Structures are given as structure tokens and as C-alpha cells.
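Report on the structure
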Amino acid sequence: MRLILNLIWLILCGWWMALLYVLAGVICAILIITIPFAIASFRIASYVIWPFGRSIEMRRDAGIASLIGNIIWIVLIGWWLAIGHLTSGIALCLTIIGIPLGLANFKMIPISLLPLGVRIVRSGEVYPGYHT
């Protein structure tokens, strides 16, 4: 089931959302001070391109630097990516087959807004936030 969902995801919205994260990472890598944002962006791009079977876990030991970095991220880049997930999720929820994909898009909004202090882990869940 995960393979089918990941393939449909990849075709419908995964490739272009991952491309947006890679673009954000390249822009952040140009400036020396924003390299941590670039690393987080590339990490999230790998999650966004193949999300089913993985989930997001908050790191409680992230610290104040992570909080400050997340605030800067939201102002500069995060809200654009969150809008991309929101519009893609709404469009996918208009069809019955797209509902799980749209819900997965909505579950990615928090990581698009707060990428620092988060890690991506393998899970037994069909899509992030859905427990069987």
C-alpha cells in the first residue's frame, strides 16, 4: 500500500514540492550563514518526495538556536512552502483517491514551517499522523 501511495504521491505532487525544497536549499546554501537552513531543506526534500512509511518526530533537545532559526525560516521561506502544501492538499482532497495524499500534505505543513529541531523517522504508519 505504501508503495502505491508513494508512487501516486510522486507523480501528483511529490516531485514539484521536493523541487521547491531543493530550490530553497540551494538559495540558502549560497549564503554561508544560512547553511543550516539548506541542510534542513534538503533533508525535508527527501521526505517530501517519498513520505509514506516515514513520520516526523520533534527533538526536545533542540535548544534556543533552533527556535530562533525556525522564526527566521518562517519569515523568509517557510510560509511559501506551507502555502504550497496547503493548496496542493486542498486540490488533492477534491477527489476521493487524492484524500490520503491531501491529508499527508496537511501533515507536512508543520515541518515546512519549523524544519529545525525535527527529525524524520521510519514508521509503521500508512501516512504521517494516521494510526491503524
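Look up a bit, the structure's there.
Description of the structure in this document. (Residues numbered from 1 in each chain as written. Predicted model: local features only at pLDDT ≥ 70, side-chain atom pairs only at ≥ 80, totals over all residues. Heavy atoms only, no water.)

To continue, consider the packing of helix α1 (residues 2-30) against helix α3 (residues 64-93). Helix packing for two helices is described by the angle between their axes and how far apart those axes are. Contact pair α1 / α3: the axes reach a minimum separation of 11 Å and the direction vectors enclose 175 degrees. As summarised for this structure, α1 and α3 are arranged roughly antiparallel, according to the angle between their axes. Contacts from Leu12, Cys13, Trp16, Met17, Leu20, Tyr21, Ala24 and Cys28 in α1 reach Trp73, Ile77, Leu81, Gly84, His85, Ser88 and Leu92 in α3. Partitioned by chemical class, the residues of the contact of α1 with α3 number 12 nonpolar, three polar and no charged. (Axes fitted to C-alpha atoms, helices over the stretch in contact; angles between N-to-C directions. Helix = DSSP H or I, 4+ residues; strand = E, 2+ residues; numbered from the N terminus. Parallel < 35°, antiparallel > 145°, perpendicular 65-115°, else oblique. Contact = heavy atoms within 4.5 Å. Nonpolar A, V, L, I, M, F, W, Y, C, P; charged D, E, K, R; others polar.)

Okay, the packing of helix α2 (residues 35-49) against α3 next. Between α2 and α3, the least distance of the axes is 12 Å, while the angle of their chain directions is 25 degrees. Classified by the interaxial angle, the pair formed by α2 and α3 is roughly parallel. Where α2 crosses over α3, the two elements pack in a sense that is right-handed. The segment α2 lies against α3, with Phe37, Ser41 and Val48 engaging Gly69, Ile72, Trp73 and His85. (Left-handed = near helix turned anticlockwise from the far one by under 90°.)

A few words on the packing of aromatic side chains. Enumeration according to the criterion identifies three aromatic pairs in this entry. Seen in terms of ring centroids, Trp9 and Phe52 are 6.0 Å apart; in terms of plane orientation they differ by 85 degrees. Their pairing is edge-to-face. Highlighted residues: Trp9 in helix α1 and Phe52 in the loop between α2 and β1 (54-58), separated in sequence by 43 residues. On the basis of relative accessible area, Trp9 is assigned to the buried category, the value being 0%. (Phe/Tyr/Trp six-rings, centres within 6.5 Å; stacked < 30°, edge-to-face > 60°. Buried < 20%, exposed > 50% of the residue type's maximum accessible area, 1.4 Å probe, protein only.)

Across its 29 residues, α1 extends only 36 Å between first and last C-alpha, which sits more than 12% below the 42 Å expected from 1.5 Å per residue. The largest bend along α1 measures about 65 degrees and falls at Leu10. Those residues of α1 lying buried are Leu5, Asn6, Trp9, Cys13, Gly14, Met17, Ala18, Tyr21, Ala24, Gly25 and Cys28. Those residues of α1 hidden inside the fold are in contact with α2, α3, α4 (99-107) and α5 (109-113). (Expected span 1.5 Å × (residues − 1). Bend = angle between axes of the 7 residues up to and from the residue.)

Opposite charge on two side chains makes pairing possible when the charged atoms of those side chains draw close. This structure, assessed with the given rule, holds two salt bridges. The residue Asp61 makes a salt bridge to Arg59 at a minimum N-O spacing of 3.5 Å. Overall, the relative accessible area of 37% leaves Arg59 in the partly exposed class. (Salt bridge = Lys/Arg side-chain N within 4 Å of Asp/Glu carboxyl O.)

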